[in-house]
Each structure stands twice: as structure tokens, then as C-alpha cells.
Amino acid sequence: MFHTGPRSGTAVKGAEASAPDAELYFQRCRWCHTTTFQRLLCPTCGSTDLNPELSEGEGVISVRRGVAAADADLWPVYMSEGFTVRCRVDGPLHAVRPGVRVKVSSGVGVTGRRPVVRLCEEVPLDGWI
């Protein structure tokens, strides 16, 4: 479902850009209530008792550091439930930056793929609001 070919003008192009909103599931530890994404153990207490929950699908793009060339189109997104997930962003390249609100788009349920998020805010080309 994800398009990995050439892009022009947006961070993600293809069928996923026009599809309806999708669901994103995360995990919550039943012991300490820490939220996480696609883990086998709780990062806080080490428990394996993780309960899947449906995310609201809203978050904010975070600062990324030490990006490898293979991951250049992935951005860390801090979700409203408290976990971070690396996502592809659907929107104008000039608008994809830390602090911008996003919402989960399509193609989330595919194993081995990254979620796609779309920008919630329109940002002018010059970057000034």
C-alpha cells in the first residue's frame, strides 16, 4: 500500500494520500500503564503483559536526529497517548517540520510498513504563519 517511488511536491504520493483515515493500534502495559508501539516488552518495567489499544490517531512531529539515508523520509511522531512512532508524512515538503500537528492516514495495518500521517495544518511556502 505504501508508495516508495519518486516523489514530487509532497512527502508521500500515491493511493495512500487519498484514502480515508486508518486505525493505529499501540500497546499499554497492564502493570505500569506505559504506552509503546510494536514492542515485545514494556520499556519501563519489562513486563510482557501488553494490551493493544486503538489510538486517537493524532500527534505532533518531533525533532529527528542522526537520520540514516534509508530513513530520510521518516519522521518521529509523538502521539497524543504518549508513545512515539516513526512515520511517513503526507504533505508539502516545506511544511514537514517539528511541531506540526498530524493525523494518521492510510496503510497502517500492513506488517513491516510504516504508518502514514497527514498534516492537519496548512503552512505557507515561506514558512511564516
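Above this text sits the structure in question.
On a predicted model such as this, the values are computed, not experimentally measured, just so you know.

Ordered by their spatial adjacency, three strands build an open sheet running β2-β1-β3, and the pairing between neighbours is antiparallel. In this open sheet, the two edge strands, each paired with only one partner strand, are β2 (35-36) and β3 (50-54).

The next thing to look at is the side chain of Glu81. With respect to the secondary-structure elements, Glu81 resides in the loop between β5 (74-79) and β6 (84-90). Nearest to the buried, unbridged Glu81 among oppositely charged side chains is Arg28, at 6.8 Å. There is a polar contact of 3.5 Å between the side chain of Glu81 and the side chain of Ser80. Contact partners of Glu81, with chain neighbours within four places excluded, come to Phe26, Thr35, Ser55, Glu56 and Gly57.

One can find Pro52 in strand β3. Given a relative accessible area of 54%, Pro52 falls into the exposed group. Taking the C-alpha atoms as reference points, Pro52 and Phe26, 26 residues apart in sequence, are found 5.6 Å from one another. Apart from the residues within four sequence positions on either side, Pro52 is in contact with Phe26 and Gln27.

Strands sit in the order β4-β5-β6-β8-β7 around a closed barrel of five strands; the barrel is mixed. Pairs of neighbouring strands in the sheet enclose a mean axial angle of 50°, with direction left out of account. The pairing of β6 with strand β8 (residues 116-119) spans three bridges and is parallel. The partner of Val89 across the bridge, within β8, is Val117.

A separate point is the packing of aromatic side chains. In this description, a pair of aromatic rings is defined by centroid distance and the angle of the planes. Across all of its chains, the model carries two aromatic pairs by this definition. Judged by centre distance (4.9 Å) and plane angle (20°), the rings of Phe26 and Phe83 are stacked. Taken together, the positions of Phe26 in strand β1 (residues 25-29) and Phe83 in the loop between β5 and β6 put the pair 57 residues apart, joining distant regions of the chain. Owing to a relative accessible area of 2%, Phe26 belongs among the buried residues under this scheme. Ring centres of Phe37 and Phe83 lie 5.9 Å apart, and the angle between their planes is 10°; this geometry places the pair in the stacked category. With Phe37 in the loop between β2 and β3 and Phe83 in the loop between β5 and β6, this residue pair connects regions lying 46 residues apart in the sequence. Residue class for Phe37 comes out buried when judged on its relative accessible area of 13%. One residue, Arg64, lies across the ring of Trp75, its end atom 3.8 Å from the ring centre.

At His33, a residue that is not glycine, the phi angle is positive and equals roughly 65°. Of note, the phi angle at Gln38 is positive, near 50°, even though the residue is not glycine. For Gln38, the position within the fold is in the loop between β2 and β3.

How each quantity is defined
- Residues numbered from 1 in each chain as written.
- Predicted model: local features only at pLDDT ≥ 70, side-chain atom pairs only at ≥ 80, totals over all residues.
- Heavy atoms only, no water.
- Pairing = 2+ DSSP bridges.
- Helix = DSSP H or I, 4+ residues; strand = E, 2+ residues; numbered from the N terminus.
- Buried < 20%, exposed > 50% of the residue type's maximum accessible area, 1.4 Å probe, protein only.
- Lys, Arg positive; Asp, Glu negative; His and termini not counted.
- Salt bridge = Lys/Arg side-chain N within 4 Å of Asp/Glu carboxyl O.
- Polar contact = N/O pair within 3.5 Å; in protein donor to acceptor, adjacent residues only side chain to side chain.
- Contact = heavy atoms within 4.5 Å.
- Axes fitted to C-alpha atoms, helices over the stretch in contact; angles between N-to-C directions.
- Phe/Tyr/Trp six-rings, centres within 6.5 Å; stacked < 30°, edge-to-face > 60°.
- Lys NZ or Arg CZ within 6 Å of the ring centre and 35° of its normal.

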